[in-house]
Amino acid sequence: MKKHLRESSSASSGSSKYQCSMCPHQFSQRSHLNQHMKTVHAGIRPYSCPVPECPKAFGKRSDLKSHVSSVHDNERPFECEFCDRKFAKKSNLSRHREKLHRDKLER
Ligand SMILES: [Zn+2]
Ligand SMILES: [Zn+2]
Ligand SMILES: [Zn+2]
């Protein structure tokens, strides 16, 4: 007597991620992975965005830089005045400053 195995290969679950086979990038949409593979690993645009969910890639390093600063830096508006670190939450910045720059913080 055999047990019936339920096939759970339905692609409609939506929560599954598409992992790039050549780098740690993951994408929630298959089209993003395809775009990423075509542009990044085909060598057309070797500078891929370091943000894991972002499928963008660029042929020039300067283009990548401006993309990151214009798109993703908005997600981390709290910048440390002692170093170049940026944070999404003000509490994270305060914690960072107290940890790393305590001697510079004037009381
Ligand atoms: Zn990749
Ligand atoms: Zn990006
Ligand atoms: Zn800092």
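Fair warning: this is a prediction, and the values are worked out from it, not measured in the lab.

A separate point is the overall build of the chain. Of regular secondary structure, the chain possesses three helices and six strands. Its helices and strands taken in sequence order, the chain reads β-β-α-β-β-α-β-β-α from the N to the C terminus. Counting over 107 residues, the chain shows a buried share of 7%. Taking the contacts inside the chain whose residues are at least 6 apart along the sequence as the reference set, 6% of them involve residues at least 24 apart.

Within this structure's numbering, the places UniProt gives as "domain: C2H2-type" (unreviewed entry) are residues 18-46, 47-77 and 78-106. End-to-end, the C-alpha atoms of residues 18-46 are 20 Å apart, and along that stretch the chain is 41% helix and 14% strand. Secondary structure content for residues 78-106 is 38% helix and 14% strand, and the end C-alpha separation is 19 Å.

This brings us to helix α2 (residues 61-72). For α2, which comprises 12 residues, the first-to-last C-alpha distance of 16 Å matches the rise-based estimate of 16 Å (1.5 Å per residue) to within 8%. In terms of burial, α2 is largely open, as just zero of its 12 residues are buried.

Before going further, it helps to spend a moment on the environment of glutamate 53. Structurally, glutamate 53 can be placed in the loop between β3 (47-48) and β4 (57-58). We classify glutamate 53 as exposed; it has 12 C-beta atoms within 10 Å. It is 5.6 Å that separates the C-alpha atoms of glutamate 53 and phenylalanine 27, two residues lying 26 residues apart in sequence.

Let us look at the environment of serine 62. Tracing the backbone shows serine 62 in helix α2. Taking the C-alpha atoms as reference points, serine 62 and tyrosine 47, 15 residues apart in sequence, are found 9.4 Å from one another.

Glancing now at the confidence of the model for the chain. Per-residue confidence for the chain gives a mean pLDDT of 84, with 85% of residues at or over 70. The element-level mean pLDDT for the chain is lowest in strand β6 (residues 86-87), coming to 88, with helix α3 (residues 90-100) highest at 95. Throughout residues 7-14 the model reports pLDDT below 50, and contacts reaching past four residues in sequence, or to other chains, amount to zero contacts.

Let us look at the environment of serine 94. Its place among the elements puts serine 94 in helix α3. Serine 94 sits in the partly exposed class, given 14 other C-beta atoms within 10 Å. Linking serine 94 and phenylalanine 78, residues 16 residues apart in sequence, is a C-alpha distance of 9.5 Å.

Rules used in this analysis
Residues numbered from 1 in each chain as written. Chains lettered and ligands numbered in written order. Predicted model: local features only at pLDDT ≥ 70, side-chain atom pairs only at ≥ 80, totals over all residues. Helix = DSSP H or I, 4+ residues; strand = E, 2+ residues; numbered from the N terminus. Buried ≥ 20, exposed ≤ 12 C-beta atoms within 10 Å, placed from the backbone. Contact = placed C-beta atoms within 7 Å. UniProt positions renumbered as here; feature names shortened; annotations may be inferred. Expected span 1.5 Å × (residues − 1). pLDDT = per-residue confidence, 0-100.

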